[in-house]
Each structure stands twice: as structure tokens, then as C-alpha cells.
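Residue-level structure breakdown
Residues per chain are reported as follows:
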Amino acid sequence: MDYWRKPLDIDKYEITHGAIHIIIDRCKGCNFCIEFCPKKVLEVSNEFNVKGYHPPMVADQAGCVACKLCELICPEFAIYVTEDKHMAISKKEPHED
Ligand code: SF4
Ligand code: SF4
């Protein structure tokens, strides 16, 4: 949302940043998280997961405001966000050999 002027008390507030965690092998490639992220933080990756889908990847980590919409909307519980100012993390589920 763009304001027509800078709020007078803007210095009192800090923008929350999110660390995005993607459990790659749970993803079914529906792209809901990518489509609905209000900050356009996520993109489809070229990588394949074990199911043969392209999971999301973080394209703009600094843009994440930790709204957690992606976490709420994911039907596979494959993405979650913690409030953090550090780097995004992607991880694979452990597999039994
Ligand atoms: S927490 Fe919000 S801003 Fe961050 S990636 Fe998810 S939907 Fe986008
Ligand atoms: S919403 Fe979940 S299942 Fe769908 S693409 Fe995003 S991480 Fe994968």
C-alpha cells in the first residue's frame, strides 16, 4: 500500500522481516504461495523435488514482511515463516535410505 504522504510517526515503527522456510519435498507445485504473496517474494524454481514438482524459491528475501499468508494458504504445510532478519532457508525432508 502506498501512502500519499509519509506517516508522521513512521519512525516509531519497525517493519517485521520474515525468514522463509520451504520444505521442498512436501511441495506439490500448486504455486498458491507464489501467486498470493502480496510482496511477490517467491518464484518458481528450476529445481525438481522428489515428487517431480518445481517448488518455490525465495526471489526477494528482503521483501518478506512475515505476513505468513503463504504459510496459511499452502495445502501441504510445505512453507512457513519465522520472524527474522537473517537469510531464507530451504531444506529437504530427511529420507530413509
Ligand atoms: S510471509 Fe507474506 S510476504 Fe513473506 S513470503 Fe509469505 S506471503 Fe510473502
Ligand atoms: S503453496 Fe505449498 S504446495 Fe503450493 S507451491 Fe507453495 S509450497 Fe508448494
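Notes on the structure in this doc start here. In this text, all values refer to a predicted model and were calculated from it rather than measured experimentally. (Residues numbered from 1 in each chain as written. Chains lettered and ligands numbered in written order. Predicted model: local features only at pLDDT ≥ 70, side-chain atom pairs only at ≥ 80, totals over all residues.)

With that settled, consider the overall build of the protein chain. The helix and strand inventory of the protein chain stands at two helices and five strands. For the protein chain, the succession of helices and strands along the chain, N to C, is β-α-β-β-α-β-β. Put simply, the protein chain has 97 residues, and 21% of those count as buried. The long-range share in the protein chain, meaning contacts at least 24 apart out of those at least 6 apart in sequence, stands at 66%. (Helix = DSSP H or I, 4+ residues; strand = E, 2+ residues; numbered from the N terminus. Buried ≥ 20, exposed ≤ 12 C-beta atoms within 10 Å, placed from the backbone. Contact = placed C-beta atoms within 7 Å.)

Let's shift gears to unusual backbone geometry. With phi around 55 degrees, Lys40 is a residue other than glycine that occupies positive phi space. With respect to the helices and strands, Lys40 occurs in the loop between helix 1 (32–36) and strand 2 (42–44). Judged by C-beta crowding, with 11 C-beta atoms within 10 Å, Lys40 ranks as exposed. Even without glycine at this site, Ala66 takes up a positive phi of about 60 degrees.

Close to ligand 1 lie 14 residues, the nearest being Cys37, Cys64, Cys67, Leu69 and Cys70. Its residues placed into classes, the shell around ligand 1 shows 11 nonpolar, one polar and two charged. (Near = placed C-beta within 6 Å. Nonpolar A, V, L, I, M, F, W, Y, C, P; charged D, E, K, R; others polar.)

What follows is about the pairing of strand 1 (residues 18–23). A one-sided burial pattern is seen for strand 1, the buried positions being Gly18, Ile20 and Ile22 and the unburied ones Ala19, His21 and Ile23. Relative to strand 4 (residues 79–83), strand 1 is paired through five bridges, and the arrangement is antiparallel. Opposite Gly18, over in strand 4, you have Glu83 as the bridge partner. (Pairing = 2+ DSSP bridges.)

This part covers the site of ligand 2. Inspection of the region around ligand 2 gives 14 residues, with Cys27, Cys30, Cys33, Cys74 and Ala78 positioned closest. By residue class, the composition of the shell around ligand 2 is 10 nonpolar, two polar and two charged.

This paragraph deals with the nonpolar core. Ile20, Cys33, Leu42, Cys70 and Ile79 are the most contacted members of the largest nonpolar core, which has 15 residues in total. Where this core is concerned, the elements lending two or more residues are strand 1 and strand 4. Leaving out residues up to four positions away in the same chain, Leu42 has contacts with Cys33, Ile34, Cys37, Pro56, Met57, Val58, Ala59 and Cys70. (Core = buried A, V, L, I, M, F, W, Y, C linked by C-beta atoms within 7 Å.)

Our next topic: the environment of Asn46. Relative to the assigned elements, Asn46 resides in the loop between strand 2 and strand 3 (56–58). Judged by C-beta crowding, with 7 C-beta atoms within 10 Å, Asn46 ranks as exposed. Between the C-alpha atoms of Asn46 and Met57, which are 11 residues apart in sequence, the distance is 8.9 Å.

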